[in-house]
Amino acid sequence: MHIKELVLDDFKSFGRKTRIPFYEDFTVITGPNGSGKSNIIDGVLFALGLARTRGIRAEKLTDLIYNPGHEGDTDHGGQREASVEVVLNNGDGTLDRAQVVNAAGTDKVGDVEEISIRRRVKETDDNYYSYYYLNDRSVNLSDIRDLLAQAGVTPEGYNVVMQGDVTEIINMTAFQRREIIDEIAGVAEFDAKKEDAFAE
Ligand code: ATP
Ligand code: MG
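Scope of this entry: the structure provided in the associated data block. (Residues numbered from 1 in each chain as written. Chains lettered and ligands numbered in written order. Predicted model: local features only at pLDDT ≥ 70, side-chain atom pairs only at ≥ 80, totals over all residues.)

Notes on the site of ligand 1
Taken together, 16 residues form the shell around ligand 1, and within it Asn 33, Lys 37, Ser 38, Asn 39 and His 70 come nearest. In the shell around ligand 1, the residues fall into two nonpolar, ten polar and four charged. (Near = placed C-beta within 6 Å. Nonpolar A, V, L, I, M, F, W, Y, C, P; charged D, E, K, R; others polar.)

Thoughts on helix α6 (residues 174-185)
With twelve residues, α6 should reach 16 Å at 1.5 Å per residue; the first-to-last C-alpha distance of 16 Å fits that figure. Phi turns positive one or two residues past the end of α6, at Gly 186, with a value near 85°. (Helix = DSSP H or I, 4+ residues; strand = E, 2+ residues; numbered from the N terminus. Expected span 1.5 Å × (residues − 1).)

Section: unusual backbone geometry
A positive phi angle is found at Lys 12, which is not glycine, with a value near 45°. With respect to the helices and strands, the residue Lys 12 is situated in the loop between β1 (2-9) and β2 (18-21).

Some remarks on the sheet that holds β2
Strands sit in the order β2-β1-β3-β4-β5-β6 across an open sheet of six strands; the sheet is antiparallel. Only two strands of the sheet have a single neighbouring strand rather than two, namely β2 and β6 (137-139). Strand-to-strand, the axes of this sheet are offset by a mean angle of 20°, without reference to chain direction. In this structure, strand β3 (residues 80-89) lies alongside strand β4 (residues 114-123), joined through ten bridges in antiparallel fashion. Note that in β4 the partner of Glu 85 across the bridge is Arg 118. Lying over the sheet, helix α1 (residues 37-47) contacts β1, β2, β3 and β4, oriented at roughly 85° with respect to β3. Lying over the sheet, helix α4 (residues 141-150) contacts β4, β5 (128-134) and β6, oriented at roughly 40° with respect to β5. (Pairing = 2+ DSSP bridges. Axes fitted to C-alpha atoms, helices over the stretch in contact; angles between N-to-C directions. Contact = placed C-beta atoms within 7 Å.)

Digging into the nonpolar core
Grouped together as the largest cluster of nonpolar side chains are 30 residues, with contacts concentrated most on Ala 47, Leu 48, Val 84, Val 86, Ile 117 and Ile 144. Where this core is concerned, the elements lending two or more residues are β1, α1, β3, α3 (97-104), β4, β5 and α4. Broken down by element, this core gets its largest block of residues, five residues, from α1. Setting aside residues up to four positions removed in sequence, Leu 48 forms contacts with Val 86, Ile 117, Ile 144, Leu 148 and Val 153. (Core = buried A, V, L, I, M, F, W, Y, C linked by C-beta atoms within 7 Å. Buried ≥ 20, exposed ≤ 12 C-beta atoms within 10 Å, placed from the backbone.)

Here we look at the packing of α3 against α4
One way to put it is that α3 packs onto α4 with a least axis distance of 8 Å and a crossing angle of 165°. Taken together, the axes of α3 and α4 are roughly antiparallel relative to one another. Crossing handedness for the pair α3 and α4: right-handed. Contact residues: α3 offers Gln 99, Val 100 and Ala 103, while α4 offers Asp 143, Asp 146, Leu 147 and Gln 150. Each residue belonging to the contact of α3 with α4 can be placed in one class, and the counts come to three nonpolar, two polar and two charged. (Parallel < 35°, antiparallel > 145°, perpendicular 65-115°, else oblique. Left-handed = near helix turned anticlockwise from the far one by under 90°.)

What follows is the structure in structure tokens.
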């Protein structure tokens, strides 16, 4: 499984609908400082709901919405919204149909060779809302989490290695480093379940 395409719409510096294709093996994104490279990674974290522990670079969710006056004054009424879609190529069947059906809560999930995960954040005058979609069906974050966990993608995992992570790992104690290995190897999940079971 790999990311096939990212579609950013009014997300951070992407004020126009922008499609970014990804290769199967390796994709490098280059560009001048401030051109939006890291915003692309933020888009992936945002859409896949991985942001909580891996630190998306925004104080609040609504800061992720494209703001034409980002560098200066901001003044715009009405509703604003941002959306990021991650299109996964699941041609190798990493996620089987049953897993996708289970996450979407319906058998009308369409194609599972290509899986679309989309998140929207919408700001109204006095509040904001966030929505997740799996193959265009409205789902909860937990559904996305459960699905991605089947492919070994978790918020605690190191699927996304952020700036500073490597230095942090070097400075960790041996025990902390062991916890990361447990997490990546999938042992941590069972440790957590064991703890829950004892607590009950
Ligand atoms: P570097 O090479 O320095 O790491 P980068 O390519 O990673 O740069 P980003 O951090 O992705 O750059 O992009 C930063 C730019 O995104 C800044 O110019 C900032 O003004 C803009 N930006 C961030 N949030 C928004 C927003 N909500 N609306 C419009 N522009 C935004
Ligand atoms: Mg950057």
